[in-house]
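# Chain and residue survey
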Amino acid sequence: MSQSKILTLLSDFGNNDVYVGVMKGVIAQINPDLQLVDLTHQIPPQNVAAARFCLMNAYPYFTIGTVHLAVVDPGVGSQRRAIPSVGAAIAVKLAQGFLVGPDNGIFSGITSKNQVITAVELTNLNFWRTSQPSSTFHGRDIFAPAAAHLASGVSLQELGKEINPETLVKLDIGECYETTTGVAGCIQYIDYFGNLVSNIPGSYVQGKTWSVNVADLTIPGCETYSDVQVGEALALVGSHGWVEIAINSGNAHTQLQINWQDTLQVLFLQSC
(Lines give C-alpha, C1' and ligand atoms only; values in the text may rest on other atoms or scores of the structure.)
Protein backbone atom coordinates (compact mmCIF):
# COMPACT_ATOMS: atom_id res chain seq x y z
CA MET A 1 0.00 0.00 0.00
CA SER A 2 1.39 3.41 -0.94
CA GLN A 3 1.79 5.96 1.84
CA SER A 4 -0.19 9.17 1.42
CA LYS A 5 1.48 10.75 4.48
CA ILE A 6 -1.96 11.96 5.56
CA LEU A 7 -2.85 11.42 9.20
CA THR A 8 -6.32 12.38 10.46
CA LEU A 9 -7.13 13.03 14.09
CA LEU A 10 -10.42 12.70 15.95
CA SER A 11 -10.96 12.97 19.70
CA ASP A 12 -13.20 14.18 22.50
CA PHE A 13 -10.42 16.41 23.90
CA GLY A 14 -12.00 19.73 22.84
CA ASN A 15 -9.95 22.83 22.09
CA ASN A 16 -9.66 24.43 25.54
CA ASP A 17 -6.74 22.28 26.70
CA VAL A 18 -3.38 21.32 25.22
CA TYR A 19 -4.11 17.62 24.70
CA VAL A 20 -4.58 17.84 20.92
CA GLY A 21 -1.51 20.04 20.53
CA VAL A 22 0.57 17.64 22.60
CA MET A 23 -0.41 14.71 20.38
CA LYS A 24 0.57 16.75 17.33
CA GLY A 25 3.89 17.52 18.97
CA VAL A 26 4.55 13.82 19.51
CA ILE A 27 3.69 13.14 15.87
CA ALA A 28 5.96 15.95 14.67
CA GLN A 29 8.88 14.56 16.69
CA ILE A 30 8.55 11.35 14.71
CA ASN A 31 7.84 12.87 11.28
CA PRO A 32 7.30 16.63 10.88
CA ASP A 33 6.41 16.16 7.21
CA LEU A 34 3.15 14.32 7.83
CA GLN A 35 0.01 16.15 6.72
CA LEU A 36 -2.34 16.34 9.71
CA VAL A 37 -6.09 16.73 9.20
CA ASP A 38 -8.32 17.44 12.21
CA LEU A 39 -11.64 15.70 11.62
CA THR A 40 -13.00 17.00 14.93
CA HIS A 41 -12.02 17.24 18.57
CA GLN A 42 -15.55 18.16 19.66
CA ILE A 43 -16.94 14.64 20.10
CA PRO A 44 -19.05 14.76 23.29
CA PRO A 45 -16.93 13.41 26.18
CA GLN A 46 -16.72 9.59 26.19
CA ASN A 47 -19.31 9.34 23.39
CA VAL A 48 -17.91 6.41 21.41
CA ALA A 49 -21.09 6.17 19.31
CA ALA A 50 -20.69 9.75 18.05
CA ALA A 51 -17.04 9.08 17.23
CA ARG A 52 -18.02 5.91 15.37
CA PHE A 53 -20.51 7.83 13.23
CA CYS A 54 -18.12 10.69 12.40
CA LEU A 55 -15.29 8.34 11.44
CA MET A 56 -17.59 6.19 9.33
CA ASN A 57 -18.75 9.19 7.34
CA ALA A 58 -15.30 10.78 6.93
CA TYR A 59 -13.42 7.63 5.94
CA PRO A 60 -14.47 7.40 2.23
CA TYR A 61 -13.22 10.92 1.44
CA PHE A 62 -9.52 10.25 2.03
CA THR A 63 -6.88 8.82 -0.27
CA ILE A 64 -5.56 5.29 -0.13
CA GLY A 65 -3.02 4.87 2.65
CA THR A 66 -4.44 7.52 4.97
CA VAL A 67 -4.01 6.74 8.67
CA HIS A 68 -6.98 7.62 10.90
CA LEU A 69 -6.12 8.21 14.56
CA ALA A 70 -9.13 8.24 16.89
CA VAL A 71 -9.01 8.73 20.64
CA VAL A 72 -12.33 8.55 22.46
CA ASP A 73 -11.57 6.09 25.20
CA PRO A 74 -13.60 6.04 28.41
CA GLY A 75 -11.88 2.74 29.30
CA VAL A 76 -8.35 4.15 29.11
CA GLY A 77 -5.97 2.26 31.40
CA SER A 78 -8.32 -0.63 32.05
CA GLN A 79 -7.56 -4.29 31.36
CA ARG A 80 -9.17 -5.28 28.09
CA ARG A 81 -6.59 -7.51 26.45
CA ALA A 82 -3.21 -8.94 27.36
CA ILE A 83 -1.47 -5.94 28.95
CA PRO A 84 -3.04 -5.20 32.34
CA SER A 85 -1.75 -1.63 32.66
CA VAL A 86 -2.57 -0.63 29.10
CA GLY A 87 -5.78 -2.20 27.90
CA ALA A 88 -6.71 -2.58 24.25
CA ALA A 89 -4.75 -0.46 21.80
CA ILE A 90 -5.10 -1.55 18.18
CA ALA A 91 -4.20 -0.74 14.60
CA VAL A 92 -6.21 -2.03 11.65
CA LYS A 93 -5.40 -2.30 7.95
CA LEU A 94 -8.16 -1.91 5.36
CA ALA A 95 -8.01 -1.66 1.57
CA GLN A 96 -8.25 2.13 1.68
CA GLY A 97 -6.26 2.97 4.81
CA PHE A 98 -5.41 2.34 8.45
CA LEU A 99 -7.16 2.86 11.80
CA VAL A 100 -5.37 3.45 15.11
CA GLY A 101 -7.10 3.77 18.48
CA PRO A 102 -8.83 1.88 21.29
CA ASP A 103 -10.69 -1.36 20.69
CA ASN A 104 -14.03 -0.13 22.02
CA GLY A 105 -16.23 -0.14 18.93
CA ILE A 106 -15.06 3.24 17.67
CA PHE A 107 -14.10 1.68 14.33
CA SER A 108 -17.07 -0.65 13.98
CA GLY A 109 -18.95 1.68 11.62
CA ILE A 110 -16.07 1.55 9.16
CA THR A 111 -15.38 -2.15 9.59
CA SER A 112 -19.07 -2.99 9.09
CA LYS A 113 -18.72 -1.69 5.52
CA ASN A 114 -15.06 -2.49 4.80
CA GLN A 115 -13.22 -5.78 5.22
CA VAL A 116 -10.39 -5.82 7.74
CA ILE A 117 -7.21 -7.13 6.12
CA THR A 118 -5.07 -7.26 9.26
CA ALA A 119 -5.49 -6.16 12.88
CA VAL A 120 -2.77 -5.92 15.52
CA GLU A 121 -2.56 -5.07 19.18
CA LEU A 122 0.00 -2.32 19.78
CA THR A 123 2.39 -4.33 21.93
CA ASN A 124 5.76 -3.23 20.50
CA LEU A 125 7.11 -0.71 23.00
CA ASN A 126 9.67 0.50 20.44
CA PHE A 127 6.84 2.42 18.77
CA TRP A 128 5.42 3.96 21.96
CA ARG A 129 6.58 7.31 23.26
CA THR A 130 7.54 5.65 26.53
CA SER A 131 7.56 2.12 27.93
CA GLN A 132 5.68 3.48 30.97
CA PRO A 133 2.68 5.25 29.47
CA SER A 134 0.33 7.45 31.44
CA SER A 135 -2.77 5.60 32.61
CA THR A 136 -4.89 8.53 31.40
CA PHE A 137 -3.26 9.70 28.15
CA HIS A 138 -2.73 6.82 25.75
CA GLY A 139 -3.38 9.27 22.93
CA ARG A 140 -0.02 10.87 23.63
CA ASP A 141 1.99 7.84 24.69
CA ILE A 142 0.70 4.98 22.50
CA PHE A 143 -1.78 5.95 19.79
CA ALA A 144 -0.13 9.09 18.38
CA PRO A 145 3.36 7.61 18.07
CA ALA A 146 2.03 4.36 16.60
CA ALA A 147 -0.04 6.29 14.04
CA ALA A 148 2.90 8.52 13.15
CA HIS A 149 5.19 5.54 12.58
CA LEU A 150 2.51 3.80 10.51
CA ALA A 151 1.99 6.90 8.34
CA SER A 152 5.77 7.13 7.92
CA GLY A 153 6.07 3.66 6.43
CA VAL A 154 6.45 1.27 9.37
CA SER A 155 4.54 -1.92 8.61
CA LEU A 156 1.47 -2.83 10.63
CA GLN A 157 3.04 -6.10 11.71
CA GLU A 158 5.98 -4.28 13.31
CA LEU A 159 3.66 -2.43 15.68
CA GLY A 160 2.53 -5.50 17.61
CA LYS A 161 1.03 -8.93 17.59
CA GLU A 162 -1.66 -9.92 15.11
CA ILE A 163 -5.17 -10.49 16.44
CA ASN A 164 -8.28 -12.03 14.94
CA PRO A 165 -10.37 -9.26 13.31
CA GLU A 166 -13.51 -11.12 14.38
CA THR A 167 -12.68 -10.35 18.02
CA LEU A 168 -12.73 -6.56 17.53
CA VAL A 169 -15.43 -4.85 19.57
CA LYS A 170 -18.61 -3.98 17.68
CA LEU A 171 -20.72 -1.14 19.03
CA ASP A 172 -24.44 -1.88 19.21
CA ILE A 173 -26.30 1.18 17.98
CA GLY A 174 -29.61 -0.57 17.33
CA GLU A 175 -31.04 -2.27 14.27
CA CYS A 176 -32.70 -0.87 11.17
CA TYR A 177 -35.33 -3.19 9.70
CA GLU A 178 -38.25 -3.17 7.29
CA THR A 179 -41.84 -3.28 8.53
CA THR A 180 -45.16 -3.77 6.77
CA THR A 181 -45.58 0.02 6.49
CA GLY A 182 -42.01 1.22 6.11
CA VAL A 183 -38.71 1.03 8.01
CA ALA A 184 -37.97 1.16 11.73
CA GLY A 185 -34.74 2.40 13.27
CA CYS A 186 -33.27 4.70 15.88
CA ILE A 187 -31.27 7.90 16.31
CA GLN A 188 -27.57 7.14 15.92
CA TYR A 189 -26.10 10.67 16.01
CA ILE A 190 -26.96 14.27 16.92
CA ASP A 191 -24.92 16.87 15.06
CA TYR A 192 -23.80 20.40 16.00
CA PHE A 193 -27.02 21.90 14.61
CA GLY A 194 -29.21 19.55 16.62
CA ASN A 195 -30.19 17.48 13.60
CA LEU A 196 -31.20 13.95 14.59
CA VAL A 197 -29.51 11.42 12.31
CA SER A 198 -31.15 8.00 12.16
CA ASN A 199 -29.63 4.65 11.24
CA ILE A 200 -32.01 4.35 8.27
CA PRO A 201 -30.22 4.67 4.90
CA GLY A 202 -31.68 7.26 2.57
CA SER A 203 -31.98 4.64 -0.17
CA TYR A 204 -35.11 3.34 1.55
CA VAL A 205 -37.06 6.55 0.85
CA GLN A 206 -35.76 7.31 -2.63
CA GLY A 207 -38.67 7.75 -5.05
CA LYS A 208 -41.28 7.44 -2.29
CA THR A 209 -43.67 9.73 -0.47
CA TRP A 210 -42.91 9.28 3.20
CA SER A 211 -43.06 10.63 6.70
CA VAL A 212 -41.38 9.89 10.02
CA ASN A 213 -43.24 8.88 13.16
CA VAL A 214 -41.27 9.64 16.33
CA ALA A 215 -42.24 10.60 19.89
CA ASP A 216 -45.95 10.77 18.93
CA LEU A 217 -45.11 13.20 16.13
CA THR A 218 -45.62 12.77 12.40
CA ILE A 219 -42.96 14.64 10.46
CA PRO A 220 -43.15 15.01 6.66
CA GLY A 221 -40.40 13.65 4.44
CA CYS A 222 -38.94 16.47 2.35
CA GLU A 223 -36.15 17.26 -0.10
CA THR A 224 -34.77 20.47 1.44
CA TYR A 225 -35.11 22.56 4.60
CA SER A 226 -37.05 25.21 2.68
CA ASP A 227 -39.88 22.75 2.02
CA VAL A 228 -41.34 23.75 5.40
CA GLN A 229 -41.75 27.08 7.18
CA VAL A 230 -39.08 28.41 9.54
CA GLY A 231 -39.47 26.67 12.90
CA GLU A 232 -41.24 23.62 11.48
CA ALA A 233 -39.93 20.06 11.70
CA LEU A 234 -39.06 18.00 8.64
CA ALA A 235 -37.33 14.77 7.72
CA LEU A 236 -34.90 14.46 4.86
CA VAL A 237 -31.84 12.57 3.66
CA GLY A 238 -28.74 14.41 4.87
CA SER A 239 -25.47 14.79 2.99
CA HIS A 240 -24.20 11.76 4.93
CA GLY A 241 -26.85 9.56 3.26
CA TRP A 242 -29.00 8.82 6.32
CA VAL A 243 -32.58 9.86 7.09
CA GLU A 244 -32.49 12.70 9.61
CA ILE A 245 -34.95 14.89 11.46
CA ALA A 246 -34.38 18.65 11.47
CA ILE A 247 -36.11 21.93 12.14
CA ASN A 248 -35.84 24.69 9.57
CA SER A 249 -33.57 27.28 11.23
CA GLY A 250 -33.93 25.48 14.57
CA ASN A 251 -32.54 22.73 16.78
CA ALA A 252 -34.50 19.47 16.58
CA HIS A 253 -32.68 17.92 19.52
CA THR A 254 -33.65 20.61 22.03
CA GLN A 255 -37.02 21.52 20.57
CA LEU A 256 -38.37 18.01 20.09
CA GLN A 257 -36.60 16.46 23.10
CA ILE A 258 -35.53 13.46 21.05
CA ASN A 259 -32.26 11.80 22.00
CA TRP A 260 -29.68 9.25 20.89
CA GLN A 261 -31.11 5.73 20.49
CA ASP A 262 -34.72 6.93 20.57
CA THR A 263 -36.74 4.85 18.11
CA LEU A 264 -38.53 6.10 15.00
CA GLN A 265 -40.40 4.76 12.00
CA VAL A 266 -40.33 5.80 8.38
CA LEU A 267 -43.83 5.37 6.94
CA PHE A 268 -44.38 5.04 3.20
CA LEU A 269 -47.52 6.92 2.19
CA GLN A 270 -47.60 6.09 -1.49
CA SER A 271 -45.29 5.41 -4.41
CA CYS A 272 -44.41 8.26 -6.74
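Predicted model, so just to flag it, every value in this text is computed and none were measured.

### Considerations on the pattern of salt bridges
Tallied over the full model, the rule gives four salt bridges. With a closest N to O distance of 4.0 Å, Glu121 and Lys161 form a salt bridge. Of the two residues, Glu121 is situated in strand β6 (residues 116-121) and Lys161 in strand β7 (residues 161-163); the sequence distance between them amounts to 40 residues. When its relative accessible area of 40% is taken as the criterion, Lys161 is described as partly exposed. Between Asp141 and Arg140 there is a salt bridge whose closest N-O contact spans 2.6 Å. Among the residues examined, Asp141 registers a relative accessible area of 0% and is labelled buried. Several salt bridges share partner residues, and in doing so they unite Arg129, Arg140 and Asp141 into one network.

### What to know about the pairing of strand β11 (residues 208-214)
In the sheet, β11 pairs with strand β12 (residues 217-220) via four bridges, with the strands oriented antiparallel. Following the sheet pairing, Val214 is matched in β12 by Leu217. Count of turn residues in the β11/β12 antiparallel hairpin: two residues, of which Ala215 carries a positive phi of about 50 degrees.

### Re the pairing of strand β9 (residues 182-190)
Of all nine residues that make up β9, eight are buried, and the element is covered over most of its length. Bridging between strand β8 (residues 177-178) and β9 involves two bridges; their strand directions are antiparallel. Each bridged residue has a counterpart across the sheet, and for Glu178 the counterpart in β9 is Val183. Here β8 folds back onto β9 in antiparallel fashion, the turn holding three residues. Bridging between β9 and strand β10 (residues 196-201) involves three bridges; their strand directions are antiparallel. Considered in β10, the bridge of Ile190 is made with Leu196. Here β9 folds back onto β10, and the loop between the two strands holds five residues, one of which, Gly194, carries a positive phi near 85 degrees.

### Comments concerning the packing of aromatic side chains
Under the criterion given, the structure shown has five aromatic pairs. Aromatic pair Phe53 and Tyr189: ring centres 4.5 Å apart, planes at 15 degrees, arrangement stacked. A residue pair is termed long-range when its members are at least 10 positions apart, and Phe53 in helix α2 (residues 48-58) and Tyr189 in strand β9 qualify at 136 residues. Residue Phe53 is classed as buried on the basis of its relative accessible area, which comes to 4%. Look at Tyr189 and you get buried, because its relative accessible area is 15%. Grouped by ring-pair contacts, the aromatic residues Phe13, Tyr19 and Phe137 constitute a single cluster. Geometry around Phe268 places Lys208 over its ring, the cationic atom sitting 5.2 Å from the centre.

### Examining the side chain of Asp141
Here Asp141 shows up in helix α4 (residues 138-151). At 2.7 Å, the side chain of Asp141 forms a polar contact with the side chain of Arg129. Looking at Asp141, its side chain comes within polar contact range of the main-chain nitrogen of Ser134, at 2.8 Å. Residues within four places of Asp141 in sequence aside, it is in contact with Trp128, Arg129, Thr130, Pro133 and Ser134.

### A look at the sheet that holds strand β3 (residues 66-71)
The seven strands are arranged β2-β1-β3-β5-β4-β6-β7 in an open sheet whose pairing can be described as mixed. Since the sheet does not close on itself, it has two edges, and those belong to β2 (35-40) and β7, each with one partner. Going across the sheet, the axis of each strand differs from the next one's by a mean of 25 degrees, ignoring polarity. Where α2 meets the sheet, it contacts β1 (6-11), β2 and β3, and its direction lies at approximately 155 degrees from that of β1. Most of the contacts of α4 go to β3, to which it runs at about 175 degrees, and overall it touches β1, β3, β4 (89-94) and β5 (97-102).

What counts, and at which threshold
- Residues numbered from 1 in each chain as written.
- Predicted model: local features only at pLDDT ≥ 70, side-chain atom pairs only at ≥ 80, totals over all residues.
- Heavy atoms only, no water.
- Salt bridge = Lys/Arg side-chain N within 4 Å of Asp/Glu carboxyl O.
- Helix = DSSP H or I, 4+ residues; strand = E, 2+ residues; numbered from the N terminus.
- Buried < 20%, exposed > 50% of the residue type's maximum accessible area, 1.4 Å probe, protein only.
- Pairing = 2+ DSSP bridges.
- Phe/Tyr/Trp six-rings, centres within 6.5 Å; stacked < 30°, edge-to-face > 60°.
- Lys NZ or Arg CZ within 6 Å of the ring centre and 35° of its normal.
- Polar contact = N/O pair within 3.5 Å; in protein donor to acceptor, adjacent residues only side chain to side chain.
- Contact = heavy atoms within 4.5 Å.
- Axes fitted to C-alpha atoms, helices over the stretch in contact; angles between N-to-C directions.

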